[in-house]
Amino acid sequence: MRSSAVFRFLSVAAVGALVVSLTACAEPARPPEERARSIADEWVAASSDGDEDSAQGLACGGAMLGSVNSDTAGFESYTLDIDSVGDGDFAVTVTKSYRDYPDLVSNLMVRTDDTTCIAWVR
């Protein structure tokens, strides 16, 4: 009898330790603005490569995003201006800077409610 009680105690302790260790390894939830910035960075990376498929993969629910303009891929730097427009939606202004070309500005609407995705690009 005594050995079965010890066995049950050790089993419960082992399961508890496993749950605690798995919880400790889980990535903490990122704030919505950080998620919006991350997906905007992914869109910029796709546009810098002229990778239309990767850019379309960021769209919400199969929506078609505007072209990534592969002919203007050689920008030197970019900035993101992120404004919350409520309910987990963010207006993101992407400004790409070129050496011998005027800055190119794109506007993205990013949703972060259920899943982080880009609703549209203009």
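K.L.:
Honestly, the pairing of strand β1 (residues 77–86) in this entry has me stumped. Any pointers?
P.N.:
Moving residue by residue along a regular strand, the side chains alternate between the two faces of the sheet. Sheet topology places β1 next to strand β2 (residues 89–97); nine bridges connect them, and they run antiparallel. Opposite I82, over in β2, you have V92 as the bridge partner. Here β1 folds back onto β2 in antiparallel fashion, the turn holding two residues, of which D87 has a positive phi close to 50 degrees.

K.L.:
Before we go on, may I ask you to explain the packing of aromatic side chains in this structure?
P.N.:
Between two aromatic rings, the relevant description is the distance of the centres plus the angle of the planes. As enumerated under the stated definition, the model contains three aromatic pairs in all. Both rings, one in F75 and one in Y98, keep their centres 6.2 Å apart while their planes meet at 85 degrees; by these two values the pair is edge-to-face. Highlighted residues: F75 in the loop between α3 (52–56) and β1 and Y98 in the loop between β2 and β3 (104–111), separated in sequence by 23 residues. Each member of the pair F75 and Y98 is classed as buried. Here Y98 and Y101 contribute two aromatic rings whose centre-to-centre distance is 5.3 Å and whose plane-to-plane angle is 75 degrees, an arrangement assigned as edge-to-face. In this structure an aromatic cluster arises from ring pairing among F75, Y78, Y98 and Y101. The positively charged end of R122 is found above the aromatic ring belonging to W120, 4.0 Å away from the centroid.

K.L.:
Honestly, the state of the cysteines in this entry has me stumped. Any pointers?
P.N.:
By definition, a disulfide links the sulfur atoms of two cysteine residues through a covalent bond. Taken as a whole and assessed by the stated rule, the structure comprises one disulfide. The side chain of C60 participates in a disulfide bridge whose partner is C117; the two sulfur atoms lie 1.9 Å from each other. What sets the handedness of the C60 and C117 disulfide is the S-S torsion sign, and at about 95 degrees it is right-handed. Of this pair, C60 sits in the loop between α3 and β1 while C117 sits in strand β4 (residues 117–121), and the two are 57 residues apart along the sequence.

K.L.:
What exactly am I supposed to notice about the pattern of salt bridges here?
P.N.:
Pairing between side chains becomes possible if they bear opposite charge and their charged atoms approach one another. Taken as a whole, this structure holds one salt bridge when the rule is applied. With its nearest N and O atoms 2.8 Å apart, the salt bridge here joins E76 to R99. Taken together, the positions of E76 in the loop between α3 and β1 and R99 in the loop between β2 and β3 put the pair 23 residues apart, joining distant regions of the chain. The exposure class assigned to E76 is partly exposed, which follows from its relative accessible area of 48%.

Cut-offs applied
- Residues numbered from 1 in each chain as written.
- Predicted model: local features only at pLDDT ≥ 70, side-chain atom pairs only at ≥ 80, totals over all residues.
- Heavy atoms only, no water.
- Pairing = 2+ DSSP bridges.
- Helix = DSSP H or I, 4+ residues; strand = E, 2+ residues; numbered from the N terminus.
- Phe/Tyr/Trp six-rings, centres within 6.5 Å; stacked < 30°, edge-to-face > 60°.
- Buried < 20%, exposed > 50% of the residue type's maximum accessible area, 1.4 Å probe, protein only.
- Lys NZ or Arg CZ within 6 Å of the ring centre and 35° of its normal.
- Disulfide = S-S within 2.5 Å.
- Salt bridge = Lys/Arg side-chain N within 4 Å of Asp/Glu carboxyl O.

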